[in-house]
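Working through the structure, step by step
This is what each chain is made of:
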Amino acid sequence: MTHAKKILLLGADGQVGWELQRSLLTLGQIVPVDRAQCDLAQLDRVNRLLGEIKPEIIVNAAAYTAVDQAEQELEAARQLNSALPACLAEYARNSGVLLVDYSTDYVFDGGKSSPYLESDMPSAINVYGQSKQDGLQAIVDSGCRHLILRVSWVYSKRGKNFLNTIMRLAGERDELSVVADQIGAPTPADLIADVTAHAMRAIFNGSARGGVYNLVPEGVTSWHGFAVEIVRQAHNAGYPLKLQPENIKPITTAEYPTPAHRPANSQLDTGKLKDTFHINLPNWQTPLQRLINQ
């Protein structure tokens, strides 16, 4: 009987972490750690945890994701998004274990007219994006075995995200304005978790190599288009909402100023992921519909 690998899962109570607890079950013995168990901003605590658990795989789903707040809370964002991955990468390199982590579309400035490739030069326009890029760079520079999946517009049934915000507002209001000039692909946390497990399996059986890969569903929309689709599908599923899809008004980024600048183009090219791991990705509406119907 083969030995079950010990997987340390950080950020186990987050959107992606929660789904990973399910998807990684077949890959080994999961040791889930959430915020209450260990303050991941305290690197001495993290090092102590690593020493106690001695993981054979580290999956880091913990991050500072409050994009606007990060503009003020620079240090907090850097601790979780840059210093923590650097600390984990050092352990991974010294122990020869695989480190799995996640990046974001926000490492790019959004000025490109086509989807971003893994090889494109990052140029973040906000603190969150810069802190995430510094973390990714630290992992790559460490020389440890790694798998980094770059995702965008993450949502799930849990936690604070665009889907849950729109569903709440649609129950309270009969009209809404949403930004229509930022485009990307809404990515469900369960898809991220399933692809993570699939990619890890391929890396362990030697059929694929680690590295940095873009992971988003097929197709593209704007935040406005995403909101309209959420409300349309929720009506179809029988939710009692005040808001009708046609009463969601498209506005420009300039009409809705936020503390953090956001990229106008968040499209990510997934060709490398699909070719390497031989997977088909769903169109972005399909998993959204499944989630709303649940």
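Use the structure listed above.
I will try to describe carefully the structure that is included in this document. Only a predicted model underlies this, so the values are computations on that prediction, with no experimental measurement involved.

Criteria and thresholds
- Residues numbered from 1 in each chain as written.
- Predicted model: local features only at pLDDT ≥ 70, side-chain atom pairs only at ≥ 80, totals over all residues.
- Heavy atoms only, no water.
- Helix = DSSP H or I, 4+ residues; strand = E, 2+ residues; numbered from the N terminus.
- Rg over C-alpha atoms; globule rule 2.2 N^0.38 Å.
- Buried < 20%, exposed > 50% of the residue type's maximum accessible area, 1.4 Å probe, protein only.
- Contact = heavy atoms within 4.5 Å.
- Areas by Shrake-Rupley, 256 points an atom, 1.4 Å probe, with all protein chains shown as cover.
- Core = buried A, V, L, I, M, F, W, Y, C linked by side-chain atoms within 4.5 Å.
- Expected span 1.5 Å × (residues − 1).
- Pairing = 2+ DSSP bridges.
- Right-handed = clockwise from strand over helix to strand, strands pointing away.
- Axes fitted to C-alpha atoms, helices over the stretch in contact; angles between N-to-C directions.
- Parallel < 35°, antiparallel > 145°, perpendicular 65-115°, else oblique.
- Nonpolar A, V, L, I, M, F, W, Y, C, P; charged D, E, K, R; others polar.

To continue, consider the overall build of the chain. Check the secondary structure of the chain and you find 9 helices and 12 strands. In summary, the chain has a C-alpha radius of gyration of 19 Å against a globular reference of 19 Å for 294 residues, a match within 12%. Counting only C-alpha atoms and orienting by the principal axes, one finds that the chain spans roughly 55 × 40 × 40 Å. The 294 residues of the chain split such that 52% are buried. Put simply, 79% of the contacts in the chain that link residues at least 6 apart link residues at least 24 apart. For the chain, the accessible area works out to roughly 13,400 Å², and carbon and sulfur atoms hold 50% of it.

Formed by 57 residues in total, the largest nonpolar core has its most connected members in Phe226 and Ile230. For this core, the element with the most residues is helix 3 (residues 74–95), which contributes 8 residues. Apart from the residues lying within four places of it in its own chain, the contact partners of phenylalanine 226 are Trp153, Tyr155, Phe162, Pro186, Thr221, Trp284 and Leu288. With 34 residues, the next largest nonpolar core counts Ile7, Ala61, Ala189 and Leu273 among its residues.

Time to look at helix 6 (residues 189–204). Taking 1.5 Å per residue as the helical rise, helix 6 with its 16 residues ought to reach 22 Å, and the 23 Å between its terminal C-alpha atoms agrees with that figure. Taken across its 16 residues, helix 6 has 12 buried, putting it largely inside the fold. When helix 6 is considered as a whole, its buried residues turn out to be Ala189, Asp190, Leu191, Ile192, Ala193, Val195, Thr196, Ala197, Ala199, Met200, Ala202 and Ile203. Downstream of helix 6 by a residue or two, glycine 206 has a phi angle that is positive, lying close to 85°.

Taken residue by residue, helix 1 (residues 15–23) has Gln15, Val16, Gly17, Glu19, Leu20 and Ser23 as its buried positions. Those residues of helix 1 that are buried are in contact with strand 1 (5–10), strand 2 (28–33), strand 3 (57–60), strand 4 (98–104), strand 6 (154–155) and helix 6.

The next point concerns the environment of valine 216. The residue valine 216 is located in the loop between strand 10 (211–214) and strand 11 (221–222) in this model. Between the C-alpha atoms of valine 216 and aspartate 105, which are 111 residues apart in sequence, the distance is 9.9 Å. When residues no more than four places from it in sequence are discounted, the contact partners of valine 216 are Val151, Ser152, Ala185, Thr187, Leu268, Thr270 and Leu281.

Attention now goes to the side chain of serine 222. Inspection of the secondary structure assignment puts serine 222 in strand 11. Serine 222 has contacts with Trp153, Val179, Ala180, Gln182 and Ile183, leaving out every residue within four places of it along the chain.

This brings us to the pairing of strand 4. Of all 7 residues in strand 4, 7 are buried, a share of seventy percent or more. Covered by surrounding structure in strand 4 are Leu98, Val100, Tyr102 and Thr104 together with Leu99, Asp101 and Ser103, the residues of both alternating faces. Taken together, the 3 bridges between strand 3 and strand 4 define a ladder with parallel strand orientation. When the sheet's bridge partners are listed, isoleucine 58 is paired in strand 4 with leucine 99. Handedness of the strand 3-helix 3-strand 4 crossover: right-handed. Strand direction decides the pairing type here: strand 4 and strand 5 (residues 145–151), joined by 7 bridges, are parallel. Bridge pairing in strand 5 links leucine 99 to histidine 146. The parallel pair strand 4 and strand 5 is bridged by helix 4 (residues 127–142), and the resulting crossover is right-handed.

Attention now goes to the packing of helix 3 against helix 4. One can describe the packing of helix 3 onto helix 4 by two numbers: an axis separation of 8 Å at closest approach and a directional angle of 10°. Relative to helix 4, the element helix 3 is oriented roughly parallel. Between helix 3, through Leu74, Ala77, Arg78, Asn81, Ser82, Pro85, Ala86, Ala89 and Arg93, and helix 4, the contact on the second element is made entirely by Val127, Tyr128, Ser131, Lys132, Asp134, Gly135, Ala138, Ile139 and Ser142. Partitioning the contact of helix 3 with helix 4 into residue classes produces 9 nonpolar, 5 polar and 4 charged.

Assignment of secondary structure puts serine 119 in the loop between strand 4 and helix 4. Along the primary structure serine 119 and valine 212 are separated by 93 residues, whereas in three dimensions their C-alpha atoms are 9.0 Å apart.

Within a beta sheet, neighbouring strands are joined by backbone hydrogen bonds and run either parallel or antiparallel to one another. Strand order across the open sheet formed by 6 strands is 2-1-3-4-5-10, with parallel pairing between neighbours. The open sheet has two edge strands with one neighbour each: strand 2 and strand 10. On average, each strand axis in the sheet is inclined to that of its neighbour by 20°, with strand direction left out of account. The sheet contact formed by strand 5 and strand 10 spans 4 bridges and is parallel. Looking at strand 10, one finds that arginine 150 is bridged to asparagine 214.

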